[in-house]
Amino acid sequence: MSDKPVHTSQLQRPMSLNQRIADLQAKKPEYINHGEALLLQRMAENSLREQFLTGGRISFDD
């Protein structure tokens, strides 16, 4: 499998959750700088915010 992330919509047959977890556990650690860590943390935080579909638009509960 490639080191570059692949969106699941691009896969012929998406991996099972257990297979994805096993692949991630087998990956070598990748060291990132402080700025990259903050960016990843913010992206993860945003993905967990409650989202609402309203009239064909997505709004985030801020």
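Anything mentioned here points back to the structure above.
This is a predicted model, so every value here is computed, not measured. (Residues numbered from 1 in each chain as written. Predicted model: local features only at pLDDT ≥ 70, side-chain atom pairs only at ≥ 80, totals over all residues. Heavy atoms only, no water.)

Q: Explain the overall build of the protein chain to me, and be specific about the residues and the numbers.
A: Summing up its helical and strand segments, the protein chain has 2 helices and 2 strands in all. For the protein chain, the succession of helices and strands along the chain, N to C, is α-α-β-β. Summed over all atoms, the accessible surface of the protein chain reaches about 6,400 Å², with 54% contributed by carbon and sulfur. (Helix = DSSP H or I, 4+ residues; strand = E, 2+ residues; numbered from the N terminus. Areas by Shrake-Rupley, 256 points an atom, 1.4 Å probe, with all protein chains shown as cover.)

Q: Provide a residue-level description of the pattern of salt bridges, including the pertinent values.
A: Enumeration according to the criterion identifies 1 salt bridge in this entry. For Glu45, the salt bridge goes to Arg42, with nearest N and O atoms at 2.9 Å. With Glu45 and Arg42 both in helix α2 (residues 34-47), this residue pair falls 3 residues apart, about one helical turn. (Salt bridge = Lys/Arg side-chain N within 4 Å of Asp/Glu carboxyl O.)

Q: So what's going on with a nonpolar patch on the surface? Residues and values would help.
A: A surface patch of nonpolar side chains, about 380 Å² in accessible area, is lined by Ile32, Leu39, Leu40 and Met43. Among the secondary structure elements, Leu40 is positioned in helix α2. (Patch = residues over 30% accessible without salt bridge, like charges linked within 9 Å, V, L, I, M, F, W, Y side chains within 5 Å.)

Q: If you had to explain α2 to someone new, which residues and values would you point to?
A: Note: α-helices contain 3.6 residues per turn, so residues at a spacing of three or four share the same orientation. The end-to-end C-alpha distance of α2 is 20 Å, a good match for the 20 Å that 14 residues give at a rise of 1.5 Å each. Of the residues that open α2, the one with a side-chain oxygen 3.0 Å from the backbone nitrogen of Gly35 is Asn33. (Expected span 1.5 Å × (residues − 1). Polar contact = N/O pair within 3.5 Å; in protein donor to acceptor, adjacent residues only side chain to side chain.)

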